[in-house]
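# Observations on the model geometry
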Amino acid sequence: MADGDSFNEMNSRRRKAQFFLGTTNKRAKTVVLHIDGLDDTSRRNLCEEALLKIKGVISFTFQMAVQRCVVRIRSDLKAEALASAIASTKVMKAQQVVKSESGEEMLVPFQDMVVEVEQNTELPDYLPEDESPTKEQDKAVSRVGSHPEGGASWLSTAANFLSRSFYW
């Protein structure tokens, strides 16, 4: 009976892990790429631009320490399209990271062929990063009916709060 319980527990853990990895989503998949040449921020920016141009890329994150990029794409987009876009930078080359049956990671090189990909030509402009202008106020926010001369009023409010909050 203990063996059956451990089997059920393993199955429930596997289902939870699949939920968090997103493998149950039929419209999207996750591809892990090892990118040779991804070693500084200028190359990262170049790679970002190449991936943003591909229609069907949902999101991506970089792991610069290990030269990897985790890309979430539509299920109908091929991983070769990602590799082709990265290769078009002329300074980087991508390989797909897959796990073997024993759980070890393996690098699978892509064929050196150009894959035609539908590109995002109408990318929206990013909002400027400047702070939005604010009106300069000459007064601090104050409670209606408070008197500027009554400096002790905030002290009495704090004292009342403390005396009501604690049992003495």
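Model, not experiment: these values are computed from the prediction. (Residues numbered from 1 in each chain as written. Predicted model: local features only at pLDDT ≥ 70, side-chain atom pairs only at ≥ 80, totals over all residues. Heavy atoms only, no water.)

## Structural notes on the pattern of salt bridges
Worth spelling out the cut-off: Here a salt bridge means any side-chain nitrogen of Lys or Arg lying within 4 Å of a carboxyl oxygen belonging to Asp or Glu. Labels follow the DSSP assignment, with helices taken as runs of H or I lasting at least four residues and strands as runs of E lasting at least two, numbered in each case from the N terminus. Burial classes: relative accessible area under 20% of the type maximum marks a residue as buried, over 50% as exposed, and values in between as partly exposed (1.4 Å probe, protein chains only).
On inspection of all chains with the given rule, the structure shows 4 salt bridges. The shortest N-O distance in the salt bridge between E48 and R44 comes to 3.2 Å. In this pair, E48 and R44 both sit in helix α2 (residues 41-52), 4 residues apart, roughly one turn of the helix. Of the residues examined, E48 reaches a relative accessible area of 23% and is grouped as partly exposed. Of the residues examined, R44 reaches a relative accessible area of 30% and is grouped as partly exposed. Between D76 and R74 there is a salt bridge, with the nearest N and O atoms lying 3.0 Å from each other. The exposed category is assigned to D76, whose relative accessible area is 57%.

## Considerations on the packing of aromatic side chains
What counts, and what does not: Stacked, tilted and edge-to-face are the three classes assigned to paired rings of Phe, Tyr and Trp, where Trp is represented by its six-membered ring and a pair needs centres within 6.5 Å; plane angles under 30 degrees give stacked, over 60 edge-to-face, the rest tilted.
As enumerated under the stated definition, the model contains 1 aromatic pair in all. Taken together, a centroid distance of 5.7 Å and an interplanar angle of 75° make the contact between F60 and F62 edge-to-face.

## Remarks on the sheet that holds strand β3 (residues 68-74)
In a beta sheet, neighbouring strands are held together by backbone hydrogen bonds and run either parallel or antiparallel to one another. This is how it is decided: The pairing criterion is simple: DSSP has to find at least two bridges between the two strands. Lines are fitted to the C-alpha atoms to define the axes, a helix being fitted only along its stretch in contact, and any angle between axes, read from their N-to-C directions, falls within 0 to 180 degrees. We call two residues in contact whenever any of their non-hydrogen atoms come within 4.5 Å of each other.
Spatial ordering of the open sheet is given by β2-β3-β1-β4-β5, a layout of 5 strands whose pairing is antiparallel. Edge strands, defined here as strands with exactly one partner in the open sheet, are β2 (57-63) and β5 (105-109). On average, adjacent strands in this sheet sit at an angle of 35° to one another, irrespective of strand direction. Looking at chain direction, strand β1 (residues 28-36) and strand β4 (residues 93-99) are connected through 4 bridges and run antiparallel. Across the sheet, residue D36 finds its bridge partner in β4, namely K93. Each of β1, β2 and β3 is contacted by α2, which is oriented at about 165° to β2, the strand it contacts most. Contacts between helix α3 (residues 79-87) and the sheet are confined to β1, β2, β3 and β4, with β1 contributing the most and set at about 35° to the helix.

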